[in-house]
Structures are given as C-alpha cells and as structure tokens.
Amino acid sequence: MPEAPRGSNIEYDLAEKNREILNFIEDVTANADEVQKRVLSEILSRNANVEYLRRHGLKGQTDRDTFKNLLPVITYEDVQPDINRIANGDTSPILTSKPITEFLTSSGTSGGERKLMPTIEEELGRRCMLYSLLMPIMSQFVPDLEKGKGMYLMFIKCESKTPGGIVARPVLTSYYKSPYFRDRPYDPYTNYTSPNETVLCPDSYQSMYSQLLCGLCQNKEVLRVGAIFASGFIRAIRFLEKHWTLLCNDIRTGTVNPLITDTSVREAVMRILQPDPKLADMIHRECSKGCWQGIITRLWPNTKYVDVIVTGTMAQYIPTLDYYSNGLPLVCTMYASSECYFGVNLNPLCKPSQVSYTLIPTMCYYEFLPVNRTIDLTLPSRPSPTSLNHAQLLELADVKLGQEYELVVTTHAGLYRYRVGDILRVTGFKNKAPQFSFVCRKNVALSIDSDKTDEVELQNAMKNAVTHLVPFDAHVSEYTSYADTSTIPGHYVLYWELSLNGSTPIPPCVYEDCCLTIEESLNSVYRQGRVSDKSIGPLEIKIVEQGTFDKLMDYAISLGASINQYKAPRCVKFAPMVELLNSRVTSNYFSPKCPKWVPGHKQWIHCN
C-alpha cells in the first residue's frame, strides 16, 4: 500500500518521526477502551442533530449504553434510502453534520451496483494518518528503506457523479487525486519510481507501460515493489512478459514508444528516461531466457520485499508471487475498506498465513458480533456462509482470544453500527487492543480481483442463462463454480452436468450465449473488471460427463461429509475436487465478448 506524507517540512529527523509514530501506536493501544469511548462521544456529539440519530430517538446522548439500546445494527440496504437522498441532492444533515464531500464506491454490491460509502473532507486526513504508520513499523524490520525507492504500481479508476453532483469513486482514486498524494512534500518513504502523471493517467495501458518503464529505468534504486492486490501485481508482471521488448527499446534509445500518447505522461517519463544500452542488454538477457522464475530479483536486484494484499481471496496468488519473487517476503501492511480504514500489521515480515492486524482505536468506533462458523468439507480453504449469533455486540477491549466476529463500525462519516461483512478471528493483543486475522468476506463465493459474487447472485445468473437450453429440451441438472487463477487475468469457471432429453445437438454458440448471459447478469464490479480494468478474463463453461456430481459426493463423503446433509457445493476450491471435475470435462466454451458496462450507476452522468 502507498504511504501518506507526514508533515510539511522538507528537513526532519526521520528517526525522531518514526519514534513519535511508534509511541502513538503504543499510547492508543494501551488505552484502547478509553480512546473508543472518546471516539464514540465525539461522533455522537458532533452529529447530535442529524436526522438519522434523531429518527432512532437519540436526543444528544453520547454514552455507550443509550447508543446501543436505541441504534439498530444495520446493513447497507438499511441505510441505502438515506444515501440515495444525499446522492440525489438533499443537502440537509441526514447522516452527518458535515457535508458529504464524495462517495467512496465499495467493491461490495447492492442490486448489481457498487455501494456508495459517504465520506467527509476530514476523513481523508484520517486515512492518510493510518498510511503514515506503515513505514515506521516496517523500518523496525527492514533497515535503510529511506535510502531507495518503492516501485508501487498505482492506478486510478473510473469515477462518476451522482444526480446531485457528488463525485463517486474508489477510495484509492480519491487518495491519488487528492493534494495529500499529488502535492506531498518530500519524504523518503513516499519516494516512488512512478511520477504522479503516470499514476493519474486514466488509460490503463499507458499507465501500466509508463510505470513499468520508469521502474526499470531506476531498477538499482528500487528497494520494495508492490501494488494494492496480489492480482494486480501479477498482472503487471504478465504485462512485462508481453511488452518487455518495447520497454527495452525505449531504454536503449532514450525514447518513449509512440503508443504512449498522453502528453503529460510522456513529459514525465522523459524527465527520467536516458539512453542506457547496458541496462537494456541486461533486461533483454533476463527476459529472453524463457524462464521467469525470480524475475523480480533479477530485474530489481535490491528488492527486499513485495508489498501486496495476500489475505482472504488474494491468498490464491501466493504461489505465483513466490515464483516470480524467488520467495521474497510478501508483506501485508494494513487492513482497510471503503467504509473506513481500520488497522495495521505490526509484524509485517510474518508468513501470509499468520498476518494479523492491530485495529487502531482512533479510526472509528468498533463493535463485534460473535460468529458461529461451520466448516464445509467441500470448501476446506474457505468457510461456509456464517450463522450469526445475535448476542450483545462486544467492545474492542472485550473480545476473546481465538473467537471469530463480524466487524461492526460507527464512523465519523455517517455510518452507525454498520455491518462491514468481514469475519475476523482474534489472534492476540497489542497492549489492550486486539489483533485480528482476516477470515473471509461473509457470503462471498467467487472472487478474482476486487469482485465479489455470492451464491444467490450466481444462482440468479444461472437462471437467466439456462433459458438458452430450453429449445433443445436440455437443462442443467447440477453445477458448481471455481475461480481459476492459473491464467492471468483469472476467470470464473462453471462446471455443468446436463440432462439432455432432445435429439438436436446443442451448437457451441448456444453455450457461448449462456456464458455471456451469466456475465451480463453479474454485478457492476465484475463487469468493470471484464470491460474497463481487464482484471477478469472471459467466463468459461465446462460440460462434464454424466455422473460427475455423484463422484463429487462420493469424494466428499470419503472425507467425512454426512451423506444425509451433503449437497453439491456451488463453489469449489479444494484442489482434488477441481482435478476430479477437470478430469471429466467433455467440452468447454468461453464468453464471446465483454458484457455491457458503463461507469457509475445506470442513471448517472459519466464524469471525465
């Protein structure tokens, strides 16, 4: 993750700044409960007269007990009518006393659209404060990081305007376009190989090409590499595989490829690019070997770690990252969402499977809903949908070691007792603040990048698709799905076992229509990944032999599943089950084109 600048002075004592930040962490974690009381009181007193709190009978009270007794625990659907009012131009104090300055678009979905998370101007500073904690923590484990640069691949995404004129965009696009990033003062920890112009280029090809070009030009100075998600970083390496000859030529000649047409990007790159035949020869030699194992350390020899998110669904990319990096440490630095930023990893060099985040008590007011999870043998690496225990929610200081909870937050920006949808497990404590590992997103069945598709959405998409089979007197008797990341970009795979009653063969174009119909039926985040971000590949349907799902059941029962309770899984990840399915594939088909997608909600104006 990128780090925010800390302060405005060009000259400062880095060691002293690091000590101040580490002392801050010590202080707020040692006094976690007191800080939480103050945070809740500040939120409620500032917003005492907003419509939402008055509607629920809170008449200026700021104590925890009254707050918990009167305010309901909510999901996005509960607050969506208020959010829609604001989006449509209602400027009255509905959720906060401060004006909503923008909406942050969540990768979660509601009714096929991105969720809109309200935010206020000061919240950007709070998020940047959390960024500022990361490198002082990291410097305790990896020395001299201030002596080089970070090659972070950072991109902006499409943004829209609501009917009321409020910008709606992803949280990182908001940050990259803000003065906190664009006008940051010198800081050795925010010294990146990518000029701002390359990050802010809206064309994803030109942005990726120019950032890799600048990173290669400065290869000896690079001490750390990364992107937000593991999938994004691997996509960059695959881009390099396809375009290294062009990049080599640019470095050899000191010119920028004509495909880069953005004038500001070309000018920014030319301030860095110099003819360097020796560097070009080295890149050509390494990239033409055919084997790309360890390519990161071969091209950027001083790299000390890879900074990417590899928890949750991103864990599927760990073997590929290890292959490309020769086993460099994979560092997950922070835990955040569109709703709010939450915590930091105080042991960043731990194994990905051991990542825990310490929640910073100043970021929001936290509560925890106890979760009783059951493990489904058909999904050994992913928990089954959770069964929630609606006992009284616990405070930050009251959670128990080893227990699992759903995170509930009250934010400075107008969310009250909001269920984030993340399931966390308590792994330890930093002073009096708990540390959590990320278990899963509630109800997510499939995910390749930032997309999240649940079983209900997949089932509805299936219903739409199988109508194409009706003229052939055929139907799908069983199906399951798989997020295939063996190719980049990854893609959804659906395994269909058919019941064929008609005599007319089903032509391939019908199956292709089924693929496209499923994609058209999935949420806007998935479709953006297919159309704009190119982070998801075409959906694939694999037809399997009759009896395949009986064999799948036999295998699950051999592992201990109950024959009385067994039902075909709608998503598989366990490698032997995937292998069983693939061994019985008779034919496969891909979506013939991208699904329809436009930025923003359907009724919104596209904002350039």
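Every value quoted in this text rests on a predicted model; they were computed, and no experiment measured them. (Residues numbered from 1 in each chain as written. Predicted model: local features only at pLDDT ≥ 70, side-chain atom pairs only at ≥ 80, totals over all residues. Heavy atoms only, no water.)

## Here's the deal with the packing of aromatic side chains
Any pair of aromatic rings gets described here by the distance separating the centres and the angle formed by the planes.
Line of reasoning, step 1. Evaluation of the coordinates by the stated rule reveals 21 aromatic pairs.
Line of reasoning, step 2. The interplanar angle of 45° and the centroid separation of 4.8 Å between the aromatic rings of Tyr492 and Tyr526 together place this pair among those described as tilted. With Tyr492 in strand β20 (residues 491–500) and Tyr526 in helix α18 (residues 524–531), this pair connects stretches of sequence that are 34 residues apart. By the burial criterion, Tyr492 is buried, and Tyr526 matches it.
Line of reasoning, step 3. Taken together, the ring pairs connect Tyr335, Phe342, Tyr357, Tyr366, Phe368, Tyr405, Phe436 and Phe438 into an aromatic cluster. (Phe/Tyr/Trp six-rings, centres within 6.5 Å; stacked < 30°, edge-to-face > 60°. Helix = DSSP H or I, 4+ residues; strand = E, 2+ residues; numbered from the N terminus. Buried < 20%, exposed > 50% of the residue type's maximum accessible area, 1.4 Å probe, protein only.)

## Focus: the environment of Ser337
Line of reasoning, step 1. Inspection of the secondary structure puts Ser337 in the loop between β9 (334–336) and β10 (341–344).
Line of reasoning, step 2. Sequence separation of Ser337 and Val399 is 62 residues, and the distance between their C-alpha atoms is 21 Å.
Line of reasoning, step 3. Of the polar contacts made by the side chain of Ser337, one reaches the side chain of Glu339; its length is 2.8 Å. (Polar contact = N/O pair within 3.5 Å; in protein donor to acceptor, adjacent residues only side chain to side chain.)

## Quick notes on helix α17 (residues 508–521)
Line of reasoning, step 1. Over its 14 residues, α17 extends 20 Å from the first C-alpha to the last, a length consistent with the 20 Å expected when each residue adds 1.5 Å.
Line of reasoning, step 2. Buried residues along α17 sit against α16 (455–465), β20, α18, β21 (540–544) and β22 (585–590). (Expected span 1.5 Å × (residues − 1). Contact = heavy atoms within 4.5 Å.)

## Topic: the side chain of Asn345
Line of reasoning, step 1. In this fold, Asn345 is placed in the loop between β10 and β11 (357–359).
Line of reasoning, step 2. A polar atom in the side chain of Asn345 sits 2.9 Å from the backbone oxygen of Cys332.

## A word on the sheet that holds β20
Line of reasoning, step 1. With respect to topology, four strands assemble into an open sheet ordered β19-β20-β21-β22, the strand pairing being mixed. Looking along the sheet, the strands with just one partner apiece sit at the ends: β19 (474–484) and β22. Averaged over neighbouring strand pairs, the angle between their axes works out to 25° when direction is ignored.
Line of reasoning, step 2. In this sheet, β20 lies alongside β19 in antiparallel orientation, the contact comprising ten bridges. Paired with Ser481 across the two strands is Leu494, which belongs to β20.
Line of reasoning, step 3. Here α16 sits on the sheet and contacts β19 and β20; the angle it forms with β19, its principal contact strand, is near 135°. (Pairing = 2+ DSSP bridges. Axes fitted to C-alpha atoms, helices over the stretch in contact; angles between N-to-C directions.)

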